[in-house]
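A look at the structure
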Amino acid sequence: MTKRLRRLGSVTVVAETVDRLPILLRPPENEGQKLRLRADRPEAESASVPARGLAVRALDAQGQVLARVPLVFAQGENRAHAALDLPSEIRNRLVRLEIAGLESAGAVVLVDERWRRRPVALVKQGSDIDQPLLDARHYLRQALASFSEVRSGKIADLLQRPLAVMVMADGEVPAPTDQAPLKAWLDNGGIL
């Protein structure tokens, strides 16, 4: 294209410096309790493109910073990865990820329900069975673990932190000492 333009007159190419090229923050991927972050920059033409360190900020609905994670592009690399590991109570407040210091729509990802991990309580009344495949809680844990944070324990311990749902395996009955706190939790909207 420049050859054709040169026939008409002189051509001057103006290009941004490498540190001013745009960075694209990709939507995160669920990786267990963590969110895997990924960012891309324009393809490096050579290995001489310098390393670049950035930070990703995790923000809640009020704009408060919940976490700040370093994101580093190695020399000559076009892709950078980082992991965001937050407790579920904080992660569920997350609404926005942004690369700090960059004013670009590509440097922002809005977070919705698909990245939330709701805390689910799995009541453990008795002791563990030596053969986990015979334990009903094993199958409940397997079914719930891919999309929620599974917490196991006694009812009194599980009620110490906020819960989305409490699950009891068939045939389990709450201990008499657990019935009053469980009833109070259910009366306040808890789901069992």
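For the structure, see preceding data.
Here goes a summary of the coordinates provided. Throughout this document, residue positions are counted from 1 along each chain, in the order its sequence is written. With pLDDT at 70 or above as the cut-off, local features in this predicted model cover only qualifying residues; side-chain atom pairs require 80 or more to be listed or tallied, and sums for whole chains, interfaces and linings still use all residues. Excluded from the side-chain calculation are hydrogens and water; included are all heavy atoms of the structure.

Below, the discussion takes up the overall build of the protein. The way it works is that DSSP assigns letters per residue, a run of H or I at least four long becomes a helix, a run of E at least two long becomes a strand, and they are numbered from the N terminus. The number of helices and strands found in the protein is five helices and 11 strands. C-alpha atoms define the radius of gyration in this analysis, and the globule rule sets the expected value at 2.2 Å times the number of residues to the power 0.38. Against the compact-globule benchmark of 16 Å for 192 residues, the protein has a radius of gyration of 25 Å, which places it well outside the compact range. Counting only C-alpha atoms and orienting by the principal axes, one finds that the protein spans roughly 90 × 40 × 25 Å. By residue count, 34% of the 192 residues in the protein fall in the buried class. By the convention used here, residues are in contact when the closest approach between their heavy atoms is within 4.5 Å. A separation of at least 24 residues holds for 61% of the contacts in the protein among residues at least 6 apart in sequence. When the accessible surface of the protein is summed, it comes to about 12200 Å², and 53% of that surface belongs to carbon and sulfur atoms. His is not counted, nor are the chain ends, whereas Lys and Arg count as positive and Asp and Glu as negative. Taken as the charge centre is NZ of Lys, CZ of Arg, CG of Asp or CD of Glu, depending on the residue. Side-chain charges of the protein comprise 28 positive and 24 negative groups, with the mean position of each set lying 8 Å from the other. Using a 1.4 Å probe on the protein chains alone, a residue whose accessible area is under 20% of its type maximum counts as buried, one over 50% counts as exposed, and one in between counts as partly exposed. Each accessible area is a Shrake-Rupley result for a 1.4 Å probe, and residues are judged covered by the shown protein chains and nothing else.

This part covers the side chain of D178. Here D178 shows up in helix 5 (residues 176–187). When a carboxyl oxygen of Asp or Glu is within 4 Å of a side-chain nitrogen of Lys or Arg, the pair counts as a salt bridge. Buried within the structure, D178 lacks any salt-bridge partner; K154 is the closest side chain of opposite charge, at an N-O distance of 7.0 Å.

For two strands to be treated as a pair, DSSP must find at least two bridges joining them. One open sheet accounts for four strands, arranged 5-4-7-8; its pairing is antiparallel. Each of the sheet's edge strands pairs with one partner strand only, and the pair in question is strand 5 (65–73) and strand 8 (108–110). The mean angle between the axes of side-by-side strands here comes to 15°, regardless of whether they run parallel or antiparallel. Axis angles are defined between N-to-C directions and span 0 to 180 degrees, where every axis is a line fitted to C-alpha atoms and, for a helix, only to the segment in contact.

Moving on, we get to helix 3 (residues 136–145). The set of residues buried in helix 3 consists of R137, H138 and L144. Projected down its long axis, helix 3 shows its buried positions confined to an angular sector of 140°, all on one face. Residues of helix 3 that are buried in the fold lie against strand 9 (118–123), strand 10 (148–153) and strand 11 (165–167). Within this analysis, the arc is defined by the directions that extend from the helix axis to the C-beta atoms.

Interpretation note: all reported values are geometric properties and have no functional meaning in isolation.
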